[in-house]
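Reading the structure
Each chain, written out:
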Amino acid sequence: MKKITQSYLAFTSIAYRVLALIIFPLGIVVLQVAMKPFLSDPGYADYYLPIWLCWIPVFLLEFLADRWLFGGICGKDVCFPACLQTSSRGLQFMRNSFVGDLLRRLIWLLIYACVSYALTGKIGLFSAELIAYICITALLNLIRHIQSNVNSLNITWIAVSLCSGFTATFYVLTDTTPAARRSLPVLATIAVFVSALTLRHMMSRVEGSYSDAEL
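Values in this document were obtained by computation on a predicted structure and should not be read as measured data.

Our focus in this paragraph is the pattern of salt bridges. Enumeration according to the criterion identifies seven salt bridges in this entry. Note that R105 and D101 form a salt bridge whose closest N and O atoms lie 2.8 Å from each other. Taken as a pair, R105 and D101 lie in helix α6 (residues 90–120) at a separation of four residues, close to a single helical turn. For the pair formed by R105 and D101, the shared burial category is buried. For R144, the salt bridge goes to D101, with nearest N and O atoms at 2.9 Å. Taken as a pair, R144 in the loop between α7 (124–143) and α8 (149–173) and D101 in helix α6 lie far apart in primary sequence, 43 residues in all. The pair R144 / D101 is uniform in exposure class, with both members buried. Several salt bridges share partner residues, and in doing so they unite E62, D66, D101, R104, R105 and R144 into one network.

Encoded structure:
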């Protein structure tokens, strides 16, 4: 775990650590506290809209933070530093970095779920956060191929709208304890599967760049 953390942090600047790892996530926690009335009482006439808006910052933060960190890393013209390509530990370093990113995302989303659950008692929030994790992780396989900042931003806005809407819809439809509990093991299995596929995809791109460099 120590090597995973060290490898992941090696990719980050001080500004990224302060903003993306501390300030922005804590801001989302504060937002979820402020949204407590809407998360806990479906009696509101506009129940769906606040639920939908609640997840927009989560997706937006994740996509923009990933652009800052791994933006375009799977692109065709990306060249990895020579120190990584010549080091016997280069591939393991990259693997640890990707694993660290997956763990960081899952941990923060679970923290969001725990805070919301403590405020509302809605176990369905854990299922919703797993849905969010699956959507974000799956879409990063596409977004990390895009090297143009303009194209990446356009796709990010579309992805944020669709994913937050899908997550909110899932939460509203399964906003009962039995339904949420039944969905948890299924979603956890899907999350593990998507994580494994994403890691394999990332590493295949990294390994391919090594081969191209040798040619």
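Now that the structure has been shown, we can carry on.
Position of W157 relative to the elements: it lies in helix α8. Residues W157 and I56, 101 residues apart in the sequence, show an inter-C-alpha distance of 9.7 Å.

Conventions we followed
Residues numbered from 1 in each chain as written. Predicted model: local features only at pLDDT ≥ 70, side-chain atom pairs only at ≥ 80, totals over all residues. Heavy atoms only, no water. Salt bridge = Lys/Arg side-chain N within 4 Å of Asp/Glu carboxyl O. Helix = DSSP H or I, 4+ residues; strand = E, 2+ residues; numbered from the N terminus. Buried < 20%, exposed > 50% of the residue type's maximum accessible area, 1.4 Å probe, protein only.

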